[in-house]
Amino acid sequence: MPEHLLLPNPRPLQSRRSSPAGGGSPSRQRGPHGAHLRQQLQTVRAPRQLNAGVDPDLVFKIKAGARPEDSAFEGRGLQVLGETVDYTYFVLSSDQGAALEQALERYVRTGELRTFFNQIDDIEPYGPIDRTGPGIAELDGGPSSQNTVDVLIWPSGTHAEAQRRASIVEEIVGQNGGQVVLRSVSSRRSYMRVRVSRAGLDDLVSTSVVELVRTPPVPFLDFRDWRNLDVSSISRLDAASEVVGVLDDSPESAHPLLSGLVLSDESLAPATYQWQQRGTHGTEVVGRVLLPSLHEELRDALPISAVGNVRVVRILEPDPSRPAHPPRFATYATPHDLVEQAIRHLHGTHGVRIFNLSIGYSEPFNDLHLGPLTETIDDLVRELGIVVVLPTGNAPTDLSARTPSGHHVIDDKPEFFFAPEHRLSEPGPAALAVTVGALALSGAPAELPGRVGWQAAADAHEAAPFSRTGPGLGTNSRRANKPDVTHYGGNVVVNDTGNVVQNDLGASLISTSTRGVGGQIFAAVNGTSYAAPAVARVAADIAYAYPDASGNLVRALLATGSAQTPPAANLSELHRRNRIYGLGLPNVERATSSDARRVTMTYDGSMPVDTVQIHPVPIPEEFRRGSRRDRVISVALAFDPPVRRQRREYLAGTMKFEVYRDIDPDELAEILQRQDPDDPSDLINDRRKLNLQPGVNTFTQSTLQMRAWVGRNSFVNDDETFLIAVTHKAQTWARNDPTYVSQNYALAATLEDRELATADLHQILRQQLRVPTRVRLRA
């Protein structure tokens, strides 16, 4: 198949940043407003009694109607620890709020500082309820009980301050007769696993420097069963591709279909660490990475195609104290340290660029406490230029076929997908990772005697009922930023008594079994854990086809190769459909190859922050003159900005693009140069701007975007070059960061005309561009 082509070099414009950012200040009657804030501050400053008797700091919440400048907090003796999407600021005061109270008195008396205080609506405590995270309410409450919990400490800014805060937690744990089990302290992420009594737990959820206390996160993995098949005649055909790094439980490398394909299976644990006996999940995930066409080949009695290789680092193991529950993270390090060590090792030692983490916490993400694992993954994607593939996580279904929100998986479809209880789980919100939801490959139960009235919850190619959904992080209520894509992950069956059958052999997926050595060779599996590795396989195939491609370009081509699954009739609203299906189902051929009727042109580079770059795109006359056939112009964009979990705007910068036609490049550049980056209005809203769908605001908080024009319009009188304008905007908190002066990004622009009768679109564009084609398959 022909390779993709390179876009011409872009035209950069100068920075458009002309005015500082900041929220407006509402009008207030300072007497009543000041009295209101003063009374609230007195409540916040009330003495707090700890069993351990130590807590030198005070943390509270300031709710604002707009964004105050950070310097306004610093001038009042406050350090901003974090902020939420509704302008709630968490602030630390080392003087117990004395400087803020003095400033408040000046405001009431003279009107000074009104710009700051007029923005503030309320001052409230940040107390035990705020710090109580998942699992704490279910712990043993007896006075002599000892519980293991994870303590997340507020980001500190400096290592010395992080150590100071960690020492406060350690002192409280020690004075309550507890023990620090794990310790991970840095300026960005400080995390401890401790064992404490009930009294110690009460102290921790009342300690200022503590952001959150939760039980150790448990990956919610999957239901499974074994399937008996006669596989004595099965043979395997191997194909080369990029290596995928798998972070999971250890796989059964001697499985007859996996033998020789697992290049390494390593543990980074200390030599003294005693691993539990391996579970099933790692083998099943690796099978989904390596055997992408297993279902079709079993159905058609074809040789099994094995594609590529994997390198594994073990970070999961069965929990011996809870054998009926999902596996746990290895206990020798915190989850984010386990993941970071494994990724750095595989990337640094073996050059691995594509990673699969089939891990999702058991609870839905709630916007308030983004964890260090999610932020760590995003940091690594940007720093190392890698691609990390994650699942959205699995929402449970009870025996009566009801979701956590009380919806029935068949009768109430698709409404349960939009319930808060069904929202994706961490680390799925990772903005720079590829997050994958699950589709049903089969929409029918197995045909067995006595089964009457059994029904699969999802039709074939429809979203699996356990697949968690978006949106991800952000403030736009109609945003579409998670999941990024979907793939097949299994299904759920409801039997004739109304009970759920989780691993029906007809509706589930098939993957390799740990009992494949002298036993059953396949397992029936269900879960987003098995959708993610299928997408990691596609990403690896893209990286193999284009070895010089950045992680951004791999993601952009992944989007270009995705085709939206047919939506159900009751999902006509695009933003609702995107929250379940993302950009759709990736396809290897579309992602890696162009042809005579469909051509992709790519750009892989960078731009200065707060600027615009204009990319010329050739549109041949043969494509422009069509008026009786559907044609598609689609553009995919991927970029990798810095992130900060304590910021309202998690991404340091946003990007967007528009496509223009019938306009002189100089005129477009002059218009765009006038555009204030803080003004969302567009200076061009006439026929010269191509009507791409979905709208530009849908993806403003997504680092992987794809928008398309689909129509029959004739552009025969237009210029043969259209223009893609790519705009970058730095967020307020990142504008003075000396390390963030440029932004890497990739574009993939595709022209598709399946009814083009005689012309070869690829050959025409190749001649027009007269530039080298993108380097493809390696020798």
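Everything numeric here is computed off the predicted structure, so don't read it as measured data. (Residues numbered from 1 in each chain as written. Predicted model: local features only at pLDDT ≥ 70, side-chain atom pairs only at ≥ 80, totals over all residues. Heavy atoms only, no water.)

Colleague: Mind showing me how you'd approach the overall build of the chain here?
Modeller: Broken down by element type, the chain carries 18 helices and 36 strands. Rg of the C-alpha trace for the chain: 27 Å, near the compact-globule value of 28 Å for 779 residues, within the 12% margin. Relative to its 779 residues, the chain shows a buried fraction of 59%. A separation threshold of at least 6 residues defines the contact pool for the chain, and within that pool the share at least 24 residues apart is 80%. As displayed, the chain offers around 29300 Å² of accessible surface, 48% of which is attributable to carbon and sulfur atoms. Looking at charge distribution, the chain has the averaged site of its 80 positive side-chain charges lying 3 Å from that of its 92 negative ones. (Helix = DSSP H or I, 4+ residues; strand = E, 2+ residues; numbered from the N terminus. Rg over C-alpha atoms; globule rule 2.2 N^0.38 Å. Buried < 20%, exposed > 50% of the residue type's maximum accessible area, 1.4 Å probe, protein only. Contact = heavy atoms within 4.5 Å. Areas by Shrake-Rupley, 256 points an atom, 1.4 Å probe, with all protein chains shown as cover. Lys, Arg positive; Asp, Glu negative; His and termini not counted. Charge placed at Lys NZ, Arg CZ, Asp CG, Glu CD.)

Colleague: I would appreciate a short explanation of the sheet that holds strand 16 (residues 310-314) in the present structure.
Modeller: Pairing in this open sheet of seven strands is parallel, and the strands run 14-16-13-19-20-21-23 from one edge to the other. Two strands bound the open sheet, and with one partner strand each, they are strand 14 (262-266) and strand 23 (485-488). Averaged over all adjacent pairs, the angle separating strand axes in this sheet is 25°, with direction ignored. When strand 13 (residues 244-248) meets strand 19 (residues 354-356), the two strands line up parallel, connected through three bridges. Among the inter-strand pairings, G245 is bridged to a residue of strand 19, identified as F355. (Pairing = 2+ DSSP bridges. Axes fitted to C-alpha atoms, helices over the stretch in contact; angles between N-to-C directions.)

Colleague: Please clarify how the side chain of R67 should be interpreted in this entry.
Modeller: Mapped onto the elements of the fold, R67 is located in the loop between strand 3 (58-64) and helix 2 (70-74). Here E83 takes part through its side chain, which lies 3.1 Å from a polar atom of the side chain of R67. Reaching out from R67, the side chain makes a polar contact with the side chain of E649 at a distance of 2.3 Å. (Polar contact = N/O pair within 3.5 Å; in protein donor to acceptor, adjacent residues only side chain to side chain.)

Colleague: Honestly, the confidence of the model for the chain in this entry has me stumped. Any pointers?
Modeller: Caution applies to low-pLDDT regions: their predicted coordinates should not be interpreted in detail. In the predicted model, the chain carries a mean pLDDT of 89, and 94% of its residues have values of at least 70. Every residue in residues 222-229 scores below 50 in pLDDT, and together they form 36 contacts with partners more than four places removed in sequence or on other chains. (pLDDT = per-residue confidence, 0-100.)

Colleague: Please explain the pattern of salt bridges as it appears in this structure.
Modeller: Where charged atoms from two side chains of opposite charge approach closely, those side chains can pair. By the definition in use, this model includes 52 salt bridges. Two residues, E317 and R328, come together in a salt bridge whose shortest N-O distance is 2.8 Å. Here R328 lies in strand 18 (residues 328-329) and E317 lies in strand 17 (residues 316-317), a separation of eleven residues in the sequence. As a salt-bridge pair, D662 and R687 come within 2.9 Å of each other at their nearest N and O atoms. Of the two residues, D662 is situated in the loop between strand 33 (653-660) and helix 17 (665-674) and R687 in the loop between helix 17 and strand 34 (704-711); the sequence distance between them amounts to 25 residues. The class for D662 is partly exposed, based on a relative accessible area of 32%. One salt-bridge network, held together by shared partners, links R188, R189, E211, E375, D379 and R645. (Salt bridge = Lys/Arg side-chain N within 4 Å of Asp/Glu carboxyl O.)

Colleague: Just checking my understanding: could you explain unusual backbone geometry for this structure?
Modeller: A negative phi holds for most residues other than glycine; trans holds for most peptide bonds. With an omega of 5°, the peptide bond between E426 and P427 qualifies as cis. In this structure, P427 sits in the loop between strand 20 (387-391) and strand 21 (434-439). Here G470 and P471 are connected by a cis peptide whose omega angle stands at 10°. By the secondary structure assignment, P471 is in the loop between strand 22 (455-456) and strand 23. At Q96, a position not held by glycine, the phi torsion is positive, near 60°. Take Q96: it is sitting in the loop between strand 5 (88-93) and helix 3 (98-110).

Colleague: Is there a simple way to explain the pairing of strand 34 in this structure?
Modeller: Consecutive side chains along a regular strand alternate between the two faces of the sheet. Of all eight residues that make up strand 34, seven are buried, and the element is covered over most of its length. Note: strand 32 (residues 631-639) against strand 34, eight bridges, orientation antiparallel. Across the sheet, R631 pairs through a bridge with G711, a residue of strand 34.

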